[in-house]
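# Overview (structure and organization)
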Amino acid sequence: MKQKRLENRMTQVDVATKSGISSKYYGSIENGKNSPSIEKLSSIAKVLGCSLHFLLNDRMDDMEKRVTEEEDRLQQIFNKIPRDKLSLVEGLITQAARLRVLLDDNWKDIIENGEYEKFKQSENQMPYDRKRPIVENYDNRDKTYQAIIKQLTDLLPQNMKVDKKSKLLGRK
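Computed from a predicted structure; not experimentally measured.

A word on the packing of helix α2 (residues 12–19) against helix α4 (residues 38–48). Their axes nearest at 9 Å, the elements α2 and α4 cross at an angle of 120 degrees. By the angle between their axes, α2 is oblique relative to α4. The hand of the α2/α4 crossing is right-handed. In this structure, α2 uses Val 15, Lys 18 and Ser 19 to contact α4, whose residues at the interface are Ser 43, Ile 44, Val 47 and Leu 48. Residues belonging to the contact of α2 with α4 are distributed by class as follows: four nonpolar, two polar and one charged.

Our focus in this paragraph is helix α7 (residues 133–155). An α-helical turn contains 3.6 residues, so any two residues separated by three or four positions project in the same direction. Taking 1.5 Å as the rise per residue, α7 with 23 residues should run 33 Å; its terminal C-alpha atoms sit 34 Å apart, in good agreement. Those residues of α7 that sit buried are Ile 134, Val 135, Tyr 138, Tyr 145, Ile 148, Ile 149, Leu 152, Thr 153 and Leu 155.

All right, on to the nonpolar core then. Leu 74, Phe 78, Ile 81, Ile 149 and Leu 152 are the most contacted members of the largest nonpolar core, which has 24 residues in total. Elements with a contribution of two residues or more to this core: α5 (52–77), α6 (86–113) and α7. Ranked by size, the runner-up nonpolar core spans 13 residues in total, among them Ala 16, Ile 21, Ile 29 and Ile 44.

A separate point is the confidence of the model for the chain. Scored by pLDDT, the chain has a mean of 86; 90% of the residues are at 70 or more. By mean pLDDT, helix α8 (residues 161–168) is the weakest element of the chain at 58, and α2 is the strongest at 96.

Calculation notes
- Here the residue index of a chain counts from 1 through its sequence in written order.
- Only residues with pLDDT of at least 70 are given local features in this predicted model, and only at 80 or more are side-chain atom pairs given and counted; all residues enter the totals for whole chains, interfaces and linings.
- Side-chain measures here rest on the full set of heavy atoms in the structure, leaving out hydrogens and waters.
- Structural elements are reduced to axes, namely lines fitted to C-alpha atoms, with helices fitted over the stretch in contact, and the angle between N-to-C directions of any two is expressed from 0 to 180 degrees.
- Secondary structure counts use DSSP, requiring at least four H or I residues in a row for a helix and at least two E residues in a row for a strand, with both numbered from the N terminus.
- Just so you know how the angles are binned, under 35 degrees is roughly parallel, over 145 roughly antiparallel, 65 to 115 roughly perpendicular, and the rest oblique.
- Crossing handedness is defined as follows: a turn of the near helix away from the far one that is anticlockwise and smaller than a right angle gives a left-handed crossing, while the clockwise case is right-handed.
- In this description, contact between two residues means that some pair of their heavy atoms is separated by no more than 4.5 Å.
- The classification used treats Ala, Val, Leu, Ile, Met, Phe, Trp, Tyr, Cys and Pro as nonpolar, Asp, Glu, Lys and Arg as charged, and all other residues, Gly among them, as polar.
- Working rule for helices: expected span equals 1.5 Å times residues minus one.
- Any residue under 20% of the maximum accessible area for its type is buried, any over 50% is exposed, and the rest in between are partly exposed; the area is computed with a 1.4 Å probe on protein chains only.
- Buried Ala, Val, Leu, Ile, Met, Phe, Trp, Tyr and Cys residues that are joined via side-chain atoms within 4.5 Å together make up what is termed a nonpolar core.
- For every residue, the predictor reports its confidence as pLDDT, a number between 0 and 100.

Dropping the structure here:
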């Protein structure tokens, strides 16, 4: 969305005014803090001269960019894995990169909204604290990510394992 706005040499105020929404609200949409109705998004798309589909896919494009950056980082870390294992490694690195991006997003949500929520099965029942489903999701994804990183580390030549693990954990 921001890219389209800048391509059109427009400010947030310009787009907001022409879309019939406040500039503060538009800014929060552009920064991913608010999800507008399809009607509002459609009017923003019209002002920006792009399709509604483009704006809906904007989030996917951002995630794919982050996955690619993470793939590059992991490929540098695991570049000493023998060539005969490359087909296996490429798939593991892609999966690890996707998981890392999802884990980062899940973590932000958990930090912002907490691990527990008040929940009740019916109006007559007292609410109780329960672990939010995203926390379970995070835990499962984290276990899978750790298993993939272990697989990749195990494929490294023996003398490389400690150094690569330290680098992966940011210890250099």
